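Here are the chains, one letter per residue:
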Amino acid sequence: MFKEQSIGKVLTENDVTDENIFLNRRKMLKRMGFVGAGSLLATSQNANAISLFGKKKESFVTAPVAHTKNTEYQITETLTPESKVTTYNNFYEFGTSKSDPAENAQSLTVNPWEVKITGAVEKSFTLSYDDLYNMFDIEERIYRFRCVEAWSMVIPWLGFPLYKLIKKAKPLSKAKYVAFKTLYRPSEMPGQKSRFVGGGIDYPYVEGLRMDEAMHPLTLMSVGVYGKTLPPQNGAPIRLVVPWKYGFKSIKSVVEINFTEKEPPTTWNILAPQEYGFYANVNPAVSHPRWSQASERRITSGGLLTRNRIDTLPFNGYSEVASLYDGMNLRKYY
Ligand code: MTE
């Protein structure tokens, strides 16, 4: 599937905007009775900037999101720096190199946006861009994030637990799984136009969870990172984060959440079923056919020569989810 590649450099929002201006505007808008990041983004998205090489380059601009810190999920491990979280990415719709998403996703249109809640539910509905920030309280949660390629990060996500959304939709008793779909927009996603650029994936990218996994309090719908709205390369404006599973389950730029009776197809399982299962729980005891999963390279502020190989923990250290899989053979259901 993946080969590790070197980290690319793109402009961050700090190069093109003064965060204090946004913070002050946000306070003012809050006093005036407006909440949510949507009101700010309308004017701040897709600003133009001059790149370090003097080339004019579009750069997406993120905005602060009002949130509270969820004290249950404030782990003490050192955070992966924002500059790495936002430049070392997998988002094949924008290319297969780690630096491609930050390079190619900057002009993705994220507002307006719609997330459709469909399928076996009492109440189907559609979330607008502003709903993503206003429908539920936004929490900061610091999670470990373990990619199947054996690298990992520690990331301060902003978002709300998926179970809150599921409760609103009122699934019918026959709903056993939740299927997720990424935006399909080849005009803005070069990987969807060319199988060569997009790694041979049949788009749109799709993922799924069993209902009890989707309802678990750890399962997060993320709308931000490092205190601000998600940059496109990280899955703006809304992506899933399931911290006890390999990163490919954490589908980006979600446009549909569909409740189903049957286990839904998932992108990497379709592409290479022997290598990537539906469950994809982080498991040091079950190797990938081409490499061991016993340890991982933690991405920190150090350079490539930093010693940062650590043991991988079952369920990525989130042992509270183990009971979801009682009686299941996790070698078979990898
Ligand atoms: N979602 C979509 N739509 N397309 C992708 O290529 N890559 C997955 C996941 N979600 C991917 C995706 C993989 S393999 C990983 S490891 C994570 O996103 C990476 O998330 P990050 O770039 O925010 O670290």
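For the structure given in this document, a descriptive report is provided here. (Residues numbered from 1 in each chain as written. Predicted model: local features only at pLDDT ≥ 70, side-chain atom pairs only at ≥ 80, totals over all residues. Heavy atoms only, no water.)

### Focus: the nonpolar core
A general trend in soluble globular proteins is that nonpolar side chains are found buried together. In terms of nonpolar packing, the biggest core is built from 82 residues, with Phe 180, Ile 257 and Phe 259 touching the most fellow members. At six residues, strand β7 (residues 151–161) tops the list of elements feeding residues into this core. Not counting the four nearest positions on each side in its chain, Phe 259 is found in contact with Ile 117, Thr 118, Gly 119, Ala 120, Val 121, Ile 166, Ala 169, Pro 171, Ala 175, Tyr 177, Val 178 and Met 211. (Core = buried A, V, L, I, M, F, W, Y, C linked by side-chain atoms within 4.5 Å. Buried < 20%, exposed > 50% of the residue type's maximum accessible area, 1.4 Å probe, protein only. Helix = DSSP H or I, 4+ residues; strand = E, 2+ residues; numbered from the N terminus. Contact = heavy atoms within 4.5 Å.)

### Regarding the sheet that holds strand β13 (residues 254–260)
Spatial ordering of the open sheet is given by β5-β4-β13-β8-β9, a layout of five strands whose pairing is mixed. With partners counted over all chains shown, the strands left at the sheet margins are β5 (125–128) and β9 (206–210), one partner each. Going from strand to strand, the sheet's axes swing by 15° on average, the running direction of each strand aside. Examined bridge by bridge, strand β4 (residues 114–119) and β5 share four bridges and lie antiparallel to one another. Within β5, the residue paired with Glu 114 across the bridge is Ser 128. (Pairing = 2+ DSSP bridges. Axes fitted to C-alpha atoms, helices over the stretch in contact; angles between N-to-C directions.)

### Brief notes about the packing of aromatic side chains
Inspection of every chain in the model, using the stated rule, returns 16 aromatic pairs. With centroids separated by 6.5 Å and ring planes inclined at 35°, the aromatic side chains of Phe 145 and Trp 151 adopt a geometry described as tilted. Residue classification places Phe 145 among the buried residues on the basis of a relative accessible area of 11%. Following the ring pairs from residue to residue traces out a cluster consisting of Tyr 177, Phe 278, Tyr 279, Phe 315, Tyr 325 and Tyr 333. (Phe/Tyr/Trp six-rings, centres within 6.5 Å; stacked < 30°, edge-to-face > 60°.)

### Regarding helix α7 (residues 162–169)
Listed in full, the buried residues belonging to α7 are Leu 162, Leu 165, Ile 166 and Ala 169. Projected down its long axis, α7 shows its buried positions confined to an angular sector of 100°, all on one face. (Arc of directions from axis to C-beta.)

### Observations regarding the site of the ligand
Taken together, 18 residues lie around the ligand, and Asn 89, Tyr 92, Glu 93, Thr 182 and Lys 252 are the ones closest in. Asn 89 is positioned such that a nitrogen or oxygen atom in its side chain is 2.8 Å from an oxygen atom of the ligand. The separation between a nitrogen atom of the ligand and a polar side-chain atom of Thr 182 is 2.9 Å. A total of 530 Å² of accessible area belongs to the ligand in isolation, and the protein chains cover 100% of it. Within the shell around the ligand, the residues separate by chemical class into nine nonpolar, six polar and three charged. (Near = heavy atom within 4 Å. Polar contact = N/O pair within 3.5 Å; in protein donor to acceptor, adjacent residues only side chain to side chain. Areas by Shrake-Rupley, 256 points an atom, 1.4 Å probe, with all protein chains shown as cover. Nonpolar A, V, L, I, M, F, W, Y, C, P; charged D, E, K, R; others polar.)

### Thoughts on the pairing of β4
In this structure, the hairpin formed by β4 and β5 is closed by a connection of five residues. Inspection of the sheet shows β4 paired to β13 by four bridges, in the parallel sense. Residue pairing for β13: Gly 119 is matched across the bridge by Phe 259.

### With respect to the side chain of Glu 256
Mapping Glu 256 onto the fold places it in strand β13. Of the polar contacts made by the side chain of Glu 256, one reaches the side chain of Thr 118; its length is 2.8 Å.

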